[in-house]
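What the coordinates show
So you can see what is in the structure, the chains are spelled out below.
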Amino acid sequence: LRPIILVNGKFMDLVLYHYVHCPYCVRVRMALGYLQLSYQSRVIDYDDEKTPTDLVGVKMLPILVHKGVPLRESLDIIKRIDRKNTLKNDLPISSAETFIKSANNLIHSLTMPQWIYTKEFTPSAREYFIKQKETKRGPFKQLVAKSDDFIRELNPHFAELEKRLKPFFESDEITIQDIMIAAHLWGLYVVPEFQFPAKIHQYLQKIKSLTRFNYHQDYWS
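Basis of the calculations
Residues numbered from 1 in each chain as written. Predicted model: local features only at pLDDT ≥ 70, side-chain atom pairs only at ≥ 80, totals over all residues. Heavy atoms only, no water. Phe/Tyr/Trp six-rings, centres within 6.5 Å; stacked < 30°, edge-to-face > 60°. Helix = DSSP H or I, 4+ residues; strand = E, 2+ residues; numbered from the N terminus. Buried < 20%, exposed > 50% of the residue type's maximum accessible area, 1.4 Å probe, protein only. Salt bridge = Lys/Arg side-chain N within 4 Å of Asp/Glu carboxyl O.

A word on the packing of aromatic side chains. This model, assessed by the stated rule, comprises 12 aromatic pairs. Seen from their ring centres, F158 and F194 are 5.9 Å apart, and the 40° between their planes marks the pair as tilted. Within this pair, whereas F158 is found in helix 7 (residues 147-163), its partner F194 is found in the loop between helix 8 (176-185) and helix 9 (198-211), the two being separated by 36 residues in sequence. Accessibility classification places F158 together with F194 in one group, the buried group. Taken together through their ring pairs, the aromatic side chains of Y19, Y46, F121, Y128, F129 and F140 make up a single cluster.

It is possible for side chains bearing opposite charge to pair when their charged atoms get close. All chains considered together, the criterion is met by four salt bridges. Between K50 and D54 there is a salt bridge, with its nearest N and O atoms 2.5 Å apart. Residue K50 and its partner D54 are located together in helix 2 (residues 50-56), separated by four residues, close to a single helical turn. As far as the burial class goes, K50 and D54 line up, both exposed.

Next up on the list: unusual backbone geometry. Looking along the chain, the bond that leaves L61 and enters P62 is cis, with omega of 10°. Cis rather than trans, the peptide bond between K166 and P167 has omega equal to 0°. By the element assignment, P167 lies in the loop between helix 7 and helix 8. Backbone geometry at K88 places phi at a positive 55°, although glycine is not the residue there. Take K88: it is sitting in the loop between helix 3 (74-81) and helix 4 (94-115). Backbone geometry places R212, a non-glycine residue, at a positive phi of 55°. Relative to the helices and strands, R212 is located in the loop between helix 9 and helix 10 (217-220).

From the geometry alone we can't say anything about function, so treat these as descriptive.
Rendered as structure tokens:
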């Protein structure tokens, strides 16, 4: 791909192909915001297999096209754009990965049935998403019926996370681990029955402010 020309005639060196809901895509958007890098946002329908496959040979997002060269894998993208290592990308990330892995199944069981009714999903994309995800997780209706159980099971994970905020994750400054954790937790804001503990909410809102993150408000309002 060649860099895309905007209406005002300026070239954009960075073009991000992404889903609005995807936590791995949110990672990159948060990093771009924190690093104050301008980019063109291209939200792709979930059932669009052609666009990502044409770019990187497989259906996966995010993809960041940098000066015409497509990059994939969220953490690799962030390392590439964070030339000054502002987010401490060389830190061990096993602690953040362990937390995400422990809570992710519960988070997705709560969020996936809600994501599909946002403006991001066309009817065909919704059908495609449901078919793919229900194969692994079971009917979304059953997941919604168990929401209270999932929320209750998340409480110990949040209690553990609170202990590790200093005020950022195991640090007194924002790092790549905060981007990873915040990106995966953020989707819970769309779950009607869910409310973050106050300390976690404040932590996420601090990350939001630092990364200039708005979650594509046009898709959620």
